[in-house]
Amino acid sequence: MTDKKTRFIFVTGGVCSSLGKGISTASLGLLLEGHGYRVSAVKMDPYINIDPGTMSPYQHGEVYVTEDGAETDLDLGYYERFTGAKLTRKNSVSTGQIYFAVIERERRGDYLGRTVQVIPHITNEIKKRIYDVAAEDDLDFLLIEIGGTVGDIESVPFLEAIRQIRQELGSRRVLNVHLTLVPTITVAGESKTKPTQHSVKELMQIGIIPDLLLCRTARVLSEDMRTKIALFCNVSERNVISAIDIKSSIYEIPYMLHSNGYDEIVLEHFGMEKNHLEIGEWDKFFHAFQNPKRKVHIAVVGKYISLQDAYRSIYEALLHGAVANEAELVLTRIDSEDIEKKQKAGLKALFQKIDGILVPGGFGNRGVEGKIMTIGHARKEKIPFFGICLGLQMAVVEYGRNVCGLERANSTEFDPTSPHPVISLLEEQEIIEKMGGTMRLGAYECQLREGTRVRTVYGQESVMERHRHRFEFTLKYRDAFEKAGMVFGGTHPKTGLVETIEIPGHPWFIGTQYHPEFKSKPTSPHPLFRAFIKAALEAGKAK
Ligand code: GLN
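Residues numbered from 1 in each chain as written. Predicted model: local features only at pLDDT ≥ 70, side-chain atom pairs only at ≥ 80, totals over all residues. Heavy atoms only, no water.

Chemist: When you look at the overall build of the protein in this model, what are you seeing that I'm missing?
Modeler: If you tally the helices and strands in the protein, you get 20 helices and 23 strands. A compact globule built from 543 residues would reach a C-alpha radius of gyration of about 24 Å, and the protein, at 25 Å, matches this within 12%. In terms of principal-axis extent, the alpha carbons of the protein reach across some 75 × 60 × 40 Å. Within the protein, the proportion of its 543 residues that are buried is 57%. Total accessible area on the protein is roughly 22,800 Å²; 51% of this is exposed by carbon and sulfur atoms. A distance of 2 Å separates the average location of the 68 positive side-chain charges in the protein from that of its 70 negative side-chain charges. (Helix = DSSP H or I, 4+ residues; strand = E, 2+ residues; numbered from the N terminus. Rg over C-alpha atoms; globule rule 2.2 N^0.38 Å. Buried < 20%, exposed > 50% of the residue type's maximum accessible area, 1.4 Å probe, protein only. Areas by Shrake-Rupley, 256 points an atom, 1.4 Å probe, with all protein chains shown as cover. Lys, Arg positive; Asp, Glu negative; His and termini not counted. Charge placed at Lys NZ, Arg CZ, Asp CG, Glu CD.)

Chemist: Just checking my understanding: could you explain the sheet that holds strand E19 (residues 462–469) for this structure?
Modeler: Strand pairing in a sheet relies on backbone hydrogen bonds, with the paired strands running either antiparallel or parallel. Across the sheet, three strands lie side by side as E19-E18-E21; this open sheet has antiparallel pairing. Each edge of the open sheet is held by one strand with a lone partner, namely E19 and strand E21 (490–491). As defined by bridge partners, strand E18 (residues 440–448) adjoins E19 across eight bridges and the pair is classed as antiparallel. Following the sheet pairing, Tyr444 is matched in E19 by Glu465. (Pairing = 2+ DSSP bridges.)

Chemist: Please clarify how helix H7 (residues 194–205) should be interpreted in this entry.
Modeler: Helical geometry note: an α-helix holds 3.6 residues per turn, so side chains three or four residues apart project in the same direction. The first and last C-alpha atoms of H7 sit 17 Å apart over twelve residues, in line with the 16 Å expected at 1.5 Å per residue. For H7, the complete set of buried residues consists of Thr196, Gln197, Ser199, Val200 and Leu203. Take H7 and look down its axis: the buried residues cluster within an arc of 165 degrees, on one side only. The exposed residues of H7 that point more than 90 degrees off its buried face are Lys201 and Gln205. In this structure, the buried residues of H7 make contact with strand E1 (7–13), helix H6 (156–169), strand E7 (174–181), strand E10 (212–217) and helix H8 (223–233). Once H7 ends, the next one or two residues include Gly207, with phi positive near 100 degrees. (Expected span 1.5 Å × (residues − 1). Arc of directions from axis to C-beta. Contact = heavy atoms within 4.5 Å.)

Chemist: Sorry, what's going on with the sheet that holds strand E11 (residues 240–244) here?
Modeler: The sheet built from seven strands is open, its strands ordered E5-E2-E6-E1-E7-E10-E11 with parallel pairing. This sheet does not close on itself; its edge strands, each paired only once, are strand E5 (92–94) and E11. For this sheet, the mean angle separating the axes of adjacent strands, direction not counted, is 20 degrees. Both E1 and strand E6 (residues 141–146) contribute to a ladder of five bridges, which runs parallel. (Axes fitted to C-alpha atoms, helices over the stretch in contact; angles between N-to-C directions.)

Chemist: How should the site of the ligand be read in this particular structure?
Modeler: Lining the immediate surroundings of the ligand are Gly361, Gly362, Phe363, Cys389, Leu390, Gln393, Glu413, Arg468, His469, Arg470, Phe471 and His515. Here Gly362 contributes a backbone N or O atom positioned 2.8 Å from an oxygen atom of the ligand. A distance of 3.3 Å separates a nitrogen atom of the ligand from a polar atom in the side chain of His515. Considered on its own, the ligand offers 300 Å² of accessible surface; in the complex 98% of this is hidden by protein. Elements represented by at least two residues in the shell around the ligand include exactly helix H16 (390–402) and E19. Per-class residue counts for the shell around the ligand are four nonpolar, five polar and three charged. (Near = heavy atom within 4 Å. Polar contact = N/O pair within 3.5 Å; in protein donor to acceptor, adjacent residues only side chain to side chain. Nonpolar A, V, L, I, M, F, W, Y, C, P; charged D, E, K, R; others polar.)

Chemist: Explain H6 to me, please; I cannot follow it from the model alone.
Modeler: Taking 1.5 Å of rise per residue, 14 residues should cover 20 Å, and H6 covers 20 Å from first to last C-alpha, within 8% of that figure. Of the residues making up H6, those classed as buried are Pro157, Phe158, Leu159, Glu160, Ala161, Ile162, Gln164, Ile165 and Leu169. Once H6 finishes, Gly170 follows within two positions and takes phi at roughly 85 degrees, a positive value.

Chemist: Please explain a nonpolar patch on the surface as it appears in this structure.
Modeler: The grouping of Tyr99, Ile103, Val118 and Ile119 at the surface amounts to a nonpolar patch, some 330 Å² of accessible area in total. Locating Val118 in the fold gives a position in helix H5 (residues 118–136). (Patch = residues over 30% accessible without salt bridge, like charges linked within 9 Å, V, L, I, M, F, W, Y side chains within 5 Å. Salt bridge = Lys/Arg side-chain N within 4 Å of Asp/Glu carboxyl O.)

Chemist: I would appreciate a short explanation of the nonpolar core in the present structure.
Modeler: The nonpolar side chains of a soluble globular protein tend to be buried with one another. Within the largest apolar cluster, 84 residues are counted, with the highest numbers of intra-cluster contacts made by Ile9, Phe141 and Leu318. Here this core takes eight residues from helix H20 (residues 527–542), the largest share from any one element. In this structure, Phe141 is in contact with Thr6, Arg7, Ile9, Leu32, Tyr37, Arg38, Val39, Ser40, Leu267, Phe270 and Met272, ignoring residues within four places of it in sequence. Of all hydrophobic cores here, the second largest spans 38 residues; its members include Leu347, Leu406, Phe414 and Phe488. (Core = buried A, V, L, I, M, F, W, Y, C linked by side-chain atoms within 4.5 Å.)

Chemist: Would you mind going over the side chain of Ser249 with me for this structure?
Modeler: Note on placement: Ser249 falls in the loop between E11 and helix H9 (253–259). Here Ser249 falls in the buried class, since its relative accessible area comes to 9%. Within the structure, the side chain of Ser249 is placed 2.8 Å from the backbone nitrogen of Tyr251, a separation counted as a polar contact.

Written as structure tokens, this is what we have:
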């Protein structure tokens, strides 16, 4: 079923990966909203995993979590940060999910004895997922990004499905955008169109004729180049758009694409009104980003520091918080394993120039003791500290060991034989039936107690925040921790589970069991990140 008016914009990628498909899709979403239209986005990932929840950050980068608890590709994070779209598990589709649904139906006998095939059964399921999102919200545009690169075996069913959608709805309702690379041979200084030609040929073999080519390039394509690409790739010259490398920030990309005509050409294709572009909130953010008045030095101490994308939403949220405080974010990424070899003096030297320390979430043993050492240092040296998920859990372990005097306190994730399992699974605490599951995923309510710092920061009695974890604060230790000075400002109303911790008298020491970074946007920075950066700036000034 399709609704009457949603337009579908399909974005495929060619030549190689990492050309910025996700960000350019999110940017187009922002621009179309800026013209007054209602937009949403879907990511289709051709891998066979059901979702990236089980994939290593080395394979996949961050796992982004939606409000309804779907573990998704990090591109959904860009869609939510750039646009007003409210995304759910329906906005993230994988080959695994498609096959799973079709095979379940086959087992139930729904196909009435027919042979179940890629065409039409798999492709129908893909189309149904796309149409369902469009039908649910009253959308003007649905942007659908196909993961991977054209030519990959896995993406063929997705491409076939979008070919069929174009056939069904026609060009007034469908636009095919292809993002390719126009490389420059450094020695000769020449840009090359051949990879783009090959990639488009590959698409055409499947029956998809791109309407618009977004060419990733180091510099604006010359008229000659555009003529050549248009001729060989069968698109109009105007629809060959330069997507120039932007070094300063991804937040500039919407401006670059707009000045190269992207949104205008898209609207022209659909014969839709080009209202005056109005992205005032974004402009305000970008102006502040470009004109910082001071610097703030933040260290992120984790185990996937070498990867660009493992803590993507954390880095973005820190930046939003910094810009909200008119500051330039200077990030130091520290591998928590390296900390384990350090003595007190070494730690002092390492964090000398740091105004605030953040310990992000994580799974598994490696680097955990380094995180605990870092947190102990931040607590004793009064450096503003923000612990997220595993960061909260390790702050509890550190406090348990060094303030409450609980010998060998630990999380049962790392030491199942600890005499003081201050962090443990709900089943170990025998309160599992109240929560009804082992992994807490997605938004849960957090009630904020009067008189606590978190309550002041949020300025609200209750908030919804997103989770992704199995382990929890062990409730039987609550009294011991409170007696030793730790404050539990935020709790889950029905179960009393601990959602936030803080230490009064410290310039800023807060841990959250949830992931506030998933809800921070450039145009509405998360209150906790804003307050953390403010505290870090004050601490920096006092040095
Ligand atoms: N490993 C911890 C847990 O499962 C923390 C998870 C996280 O930081 N996202 O509870």
